[in-house]
Amino acid sequence: MKRKAKNLDTGSTGAEDDVEETANNQKKKVKFEKPLNNNAAKYPKASFAKKNSKGKDCKVAKHNETKEKKDWLKLKKEKKELREKRKAKKVNDETVYDKIVQAKQISEKLRRSDCKLQDRLTLTRTLHEMLETHYSKVMFSHDMSRVVQCIVKHCEMDTRQAICHEMKPHIVQMLGSKYAKNCVRAVLKYGSREIKNIVISACYGNVVKLMSHAVSAPLVEFTYSTWCTDRDKMYFKQEFYGNLYKHVKVESVKSLSDVFNNAEYLRSATLSLVKANLVRILNKSLVNSSLVHAVTWEFLDACSVEDRSELIVMLQDFIVTLSETKFGARVAAQCIWHGNSKSRKSILKALKENVKTVSTSEYGYVTVLALLDSVDDTVLVKKIILSELQQDLVDIALNEYGKHVILYLVARRDSHYFSPSIVDYLRQGDNNVISKKPVDIREKELLEAVREPLLDAVIADTATWLSTGAIAMVTLAILKVGSGEKLKSAFESVARIVSGVDSKIKENENECNLVEHPGLHIMLKKLIQNDKELLKRQESTFGEILVSHLTAEVLQKWIGFNRACFLLIFLVENESENIVHTLLSKLKPFEENLKSETSSGASILLKKLKANENA
């Protein structure tokens, strides 16, 4: 490459100029009037950003940039204001919203346990004046429903009356509200009879609707069972019979059968309406209601076999719930008597792990008796019913109602233990078409399954089985059906307790000697009298074992008790000659003691003793 002339004039100077020119060319920037890449505008440059856990973009700050610090107090304040605006918007009235805020502040003072009575009255008046004419707007919210309940609880009667009158047009709507229903409950709880009548009458025309609603059903049932009069209950039931009775109440119609007694042509239509109403409620599993139980029982008593079978299928899984009320237990018995084998199996499975609860309830024990009476599958009964009974024998036997279940197993329909009304009621299921097994065979199979476990229980805890007159009669029934070595061991345990010198029994805060207790005396008397039957079977008798435990010390103490003397008389009258001879020889040394006693039992025993000597 040839150099230019100007660069050759001087050597060093030219070289320096070349270096400066090259440096200037490097610093010079080239500018374009239009972008070279026409697609740059269409496709913006991708931003490199991270995403947080919620999927939102989070820009990556450069090291040389500084972040601005957020004012968290300001942010919280803004959020609170926004929340308050939203609440005010729900009420649709800023004035009402302001009153709500003030009411909640006042109610906090009212709730305090140290708030004086006069202060409470003043606060409730203030709150009522503040919320008057606005109750219908505020009662449906959680916080304000609690405020209204507080007012109703502590206010004066005239204030409570005013609140109730304002609530009246909205009661049906309130009963279906999760929070407002509690205001209705409070009014019913603390209100006068007049206020209760206002609430109850507000339900007329909507009973079926309310009973088929999951929120309102429990409160309507509570109202029906607690505060409704017999007349109100009759009117509530009438609404299930048809739409006519929603608007017109008839005092002559007290049950379902009264609707078509004088007009048979109404039977089919009425039963169809009742069935539709019941199915509507049962489909929602709202069975825990004495009102529904009463209507169901009336329906099952009047309906066709097909309708009854259809309803039994729907009810079979609710047998425990049904057994809690009087009419529910009757419905349960109908399901057992007229249900097919599959339904009975389902009923038994529904009772699993609830046998003790049902057996010890006021009405439920009849359900268990109906099962023991009707179910042919005794193997399944043993597996579910009897196995659970054996786990809690003592608790069930001590219970006022549970003892009937044990007695039914060992003394079925015995008039000594069961009232005629119970026996007559259970006889209604004797002619059902489902049960095929003979009654005596079913009874024998169940008795064989429980006889030995019951005797074992008596042997293991004899003191408890003789602790009251009621359980002593259960013990008597068990001992009467016993046999063999188990029975002999049970007699030994009973005789050991009875012959104890210091054996006492305490009942209703009264303590007395065991042989002087009226209930125990009757039990021991009947047990000794039963020895005649045991002698015929050549079994060991209770009298034989008891006499062997009667030492001189025991006899000396017994002679001082009238009832104990009569027990000795029963032994003389009912035992074998050998046992009688042994007893009288033990009594002979106490002849003078008997003469000094003034009780009728001692004088009769003395005559027996002298008659034996003369013989």
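About the criteria used
Residues numbered from 1 in each chain as written. Predicted model: local features only at pLDDT ≥ 70, side-chain atom pairs only at ≥ 80, totals over all residues. Heavy atoms only, no water. Helix = DSSP H or I, 4+ residues; strand = E, 2+ residues; numbered from the N terminus. Buried < 20%, exposed > 50% of the residue type's maximum accessible area, 1.4 Å probe, protein only. Contact = heavy atoms within 4.5 Å. Areas by Shrake-Rupley, 256 points an atom, 1.4 Å probe, with all protein chains shown as cover. Polar contact = N/O pair within 3.5 Å; in protein donor to acceptor, adjacent residues only side chain to side chain. UniProt positions renumbered as here; feature names shortened; annotations may be inferred. Salt bridge = Lys/Arg side-chain N within 4 Å of Asp/Glu carboxyl O. Axes fitted to C-alpha atoms, helices over the stretch in contact; angles between N-to-C directions. Parallel < 35°, antiparallel > 145°, perpendicular 65-115°, else oblique. Left-handed = near helix turned anticlockwise from the far one by under 90°. Nonpolar A, V, L, I, M, F, W, Y, C, P; charged D, E, K, R; others polar. Pairing = 2+ DSSP bridges. Phe/Tyr/Trp six-rings, centres within 6.5 Å; stacked < 30°, edge-to-face > 60°. Lys NZ or Arg CZ within 6 Å of the ring centre and 35° of its normal.

Q: When you look at the overall build of the chain in this model, what are you seeing that I'm missing?
A: When helices and strands are tallied, the chain shows 39 helices and four strands. Each of the 615 residues in the chain was classed as buried or not, and the buried ones make up 44%. Partitioning the intrachain contacts of the chain with sequence separation of at least 6 by distance along the chain shows that 68% fall at a separation of at least 24. When the accessible area of the chain is evaluated, it comes to approximately 35100 Å², of which 50% is carbon and sulfur surface.

Q: Where do I start with helix α34 (residues 542-549) in this structure?
A: Helical periodicity: at 3.6 residues per turn, an α-helix aligns residues three or four positions apart in one direction. Buried residues of α34: Phe542, Gly543, Ile545, Leu546 and Val547, and no others. Against α31 (484-498), α32 (518-529), α33 (531-536), α35 (552-558), α36 (562-574) and α37 (577-587) lie the buried residues of α34. The backbone nitrogen of Glu544 has a side-chain oxygen 3.2 Å away, supplied by the residue at the start of α34, namely Thr541.

Q: Looking at this structure, I do not really get the UniProt feature "repeat: Pumilio" (unreviewed entry) in the chain. What am I missing?
A: As recorded in UniProt, the sites labelled "repeat: Pumilio" (unreviewed entry) are residues 388-424. Taken end to end, residues 388-424 comprises 65% helix and 0% strand; its first and last C-alpha atoms sit 27 Å apart.

Q: Could you clarify how one ought to interpret the pattern of salt bridges in this entry?
A: Two side chains with opposite charge may pair up if their charged atoms get near one another. Summed over the entire model, instances satisfying the criterion amount to 22 salt bridges. Across the salt bridge formed by Glu298 and Lys237, the nearest N and O atoms sit 2.9 Å from each other. With a gap of 61 residues between them, Glu298 in helix α17 (residues 290-302) and Lys237 in helix α13 (residues 230-238) connect regions that are remote in the sequence. The salt bridge involving Asp424 is made with Arg427; its shortest N-O contact spans 3.2 Å. Placement of the pair is Asp424 and Arg427 together in helix α27 (residues 420-427), with a separation of three residues, close to one helical turn. On the basis of relative accessible area, Asp424 is assigned to the partly exposed category, the value being 45%.

Q: Looking at this model, I keep getting lost on the packing of helix α28 (residues 439-460) against helix α30 (residues 469-481). Mind explaining?
A: The axes of two packed helices give the description: the angle between them and the distance between them. Contact pair α28 / α30: the axes reach a minimum separation of 10 Å and the direction vectors enclose 120 degrees. Here α30 runs oblique to α28, going by the angle between their axes. Classified by chirality, the crossing of α30 by α28 is left-handed. On α30, the residues touching Leu447, Arg451, Leu454, Leu455 and Val458 of α28 are Thr475, Ile478, Leu479 and Val481. Tallied by class, the residues present in the contact of α28 with α30 amount to seven nonpolar, one polar and one charged.

Q: Would you explain the packing of α28 against α31 in this entry?
A: The interhelical angle for the contact between α28 and α31, taken along N-to-C directions, is 25 degrees, at an axis separation of 9 Å. Considering the angle they form, α28 stands roughly parallel to α31. Like other packed secondary-structure pairs, α28 and α31 cross with a definite hand, here left-handed. The residues of α31 that touch α28, namely those facing Glu452, Leu455, Asp456 and Ile459, are Lys486, Leu487, Ser489, Ala490 and Ser493. Looking at side-chain class alone, the contact of α28 with α31 contains four nonpolar, two polar and three charged residues.

Q: Please clarify how the pairing of strand β4 (residues 510-513) should be interpreted in this entry.
A: Looking down a regular strand, the side chains alternate between one sheet face and the other. Pairing geometry for strand β3 (residues 504-507) and β4, over four bridges, is antiparallel. Bridging from a neighbouring strand, Ile505 pairs with Cys512 of β4. Between β3 and β4, which pair antiparallel one after the other, the connecting turn spans two residues, and Asn508 there sits at a positive phi close to 55 degrees.

Q: Is there a simple way to explain the packing of aromatic side chains in this structure?
A: Ring pairs (aromatic) are described by centroid distance and by the angle formed between their planes. According to the stated counting rule, one finds 11 aromatic pairs in the structure shown. With centroids separated by 6.0 Å and ring planes inclined at 80 degrees, the aromatic side chains of Tyr204 and Phe236 adopt a geometry described as edge-to-face. Residue Tyr204 is found in the loop between α10 (193-202) and α11 (207-211), and its partner Phe236 is found in helix α13; the two are separated by 32 residues along the sequence. A relative accessible area of 23% places Tyr204 in the partly exposed class. Through a chain of ring-to-ring contacts, three or more aromatic side chains come together here, namely Tyr204, Tyr224, Tyr235 and Phe236. Directly above the ring of Phe327 sits Lys326, whose terminal nitrogen or CZ lies 6.0 Å from the centroid.

Q: Whenever I open this one, the side chain of Asn574 confuses me. Can you help?
A: Tracing the sequence through the fold places Asn574 in helix α36. Its relative accessible area of 8% is what places Asn574 among the buried residues. Polar contacts involving the side chain of Asn574 include one to the main-chain carbonyl oxygen of Phe570, which spans 2.7 Å. If near-sequence neighbours (up to four positions away) are discounted, Asn574 is found in contact with Ile528, Gln529, Lys532 and Leu535.

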